[in-house]
Amino acid sequence: QVQLQASGGGVVQAGGFLRLSCVAERRALVSYTLGWFRQAPGKEREFVAGIGWSHDNTYYADVVKGRFTISRDNDKNTLYLDMKSLQPDYTAVYLCAATPVFNGGYDYYSVPASYEYWGQGTLVTVSS
């Protein structure tokens, strides 16, 4: 079992910046497909961003493209999500996920069923 732990959530004003972190096992950082999802109350889990086995293989939901950046630091066993220009409707629990399958396309990265392992999530609240 791959352990994932998301952190960095909190309350931020609209237009602000927040960095989320997800600590994972090294094998997941190096060779697993990693992703960020979010889920607001009463809504389905929504794809945010994904990153494959290489840092240049990244994918973003259209609604966050240009605002969010996914990255990873293999030395720190950490996946990041940098979020700028935050809006109130971005309020949600953000979850990190991983799967041993990698080198997929957008259709693979963007669906929750592609990810076998999930962290507990961290709550992001954007105030107006």
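As a reminder, the structure under discussion sits directly above these lines.
If you're wondering where the values come from, they're calculated on a predicted model, not measured in any experiment. (Residues numbered from 1 in each chain as written. Predicted model: local features only at pLDDT ≥ 70, side-chain atom pairs only at ≥ 80, totals over all residues. Heavy atoms only, no water.)

A. Main features of the environment of Tyr-115. The topology assignment puts Tyr-115 in the loop between α2 (106-109) and β10 (117-118). When the C-alpha atoms of Tyr-115 and Val-101 are compared, they prove to be 8.5 Å apart, with 14 residues separating the residues in sequence. If we ignore the near neighbours within four places in the chain, the residues touching Tyr-115 are Thr-33, Leu-34, Gly-35, Phe-37, Gly-50, Ala-97, Ala-98, Thr-99, Tyr-108 and Tyr-109. Only 2.8 Å separates the side chain of Tyr-115 from the backbone oxygen of Tyr-109, close enough to count as a polar contact. (Helix = DSSP H or I, 4+ residues; strand = E, 2+ residues; numbered from the N terminus. Contact = heavy atoms within 4.5 Å. Polar contact = N/O pair within 3.5 Å; in protein donor to acceptor, adjacent residues only side chain to side chain.)

B. Broad picture of the packing of aromatic side chains. Tallied over the entire structure, the rule returns 9 aromatic pairs. Measuring from ring centre to ring centre gives 5.1 Å for Phe-37 and Tyr-115, while their planes differ by 80°; the resulting arrangement is edge-to-face. Remark: Tyr-115 occurs in the loop between α2 and β10 and Phe-37 occurs in strand β4 (residues 33-39); sequence separation between them is 78 residues. Phe-37 sits in the buried class, given a relative accessible area of 0%. Tyr-115 gets classed as buried once you look at its relative accessible area, which sits at 4%. Ring geometry for Phe-68 versus Tyr-90: centroids 5.5 Å apart, planes at 80°, classification edge-to-face. Taken together, the positions of Phe-68 in strand β7 (residues 68-73) and Tyr-90 in the loop between β8 (78-83) and β9 (92-99) put the pair 22 residues apart, joining distant regions of the chain. When sorted by exposure, Phe-68 lands in the same class as Tyr-90, which is buried. Three or more aromatic residues joined by ring pairs make a cluster, and in this case those are Phe-37, Phe-47, Tyr-59, Tyr-106, Tyr-108, Tyr-109, Tyr-115 and Trp-118. (Phe/Tyr/Trp six-rings, centres within 6.5 Å; stacked < 30°, edge-to-face > 60°. Buried < 20%, exposed > 50% of the residue type's maximum accessible area, 1.4 Å probe, protein only.)

C. Quick look at the side chain of Asn-57. Tracing the chain through its elements places Asn-57 in the loop between β5 (46-51) and β6 (58-60). Overall, Asn-57 belongs to the buried group, its relative accessible area being 12%. A polar atom in the side chain of Asn-57 sits 3.0 Å from the side chain of Tyr-109.

D. Main features of the environment of Gly-52. Here Gly-52 is to be found in the loop between β5 and β6. The class of Gly-52 is buried, set by a relative accessible area of 0%. Note: C-alpha distance between Gly-52 and Ala-98 (46 residues apart in sequence) is 9.8 Å. With sequence-adjacent residues up to four places away left out, Gly-52 is seen in contact with Tyr-32, Asn-57, Arg-72 and Tyr-109.

In short, geometric facts, not functional conclusions.
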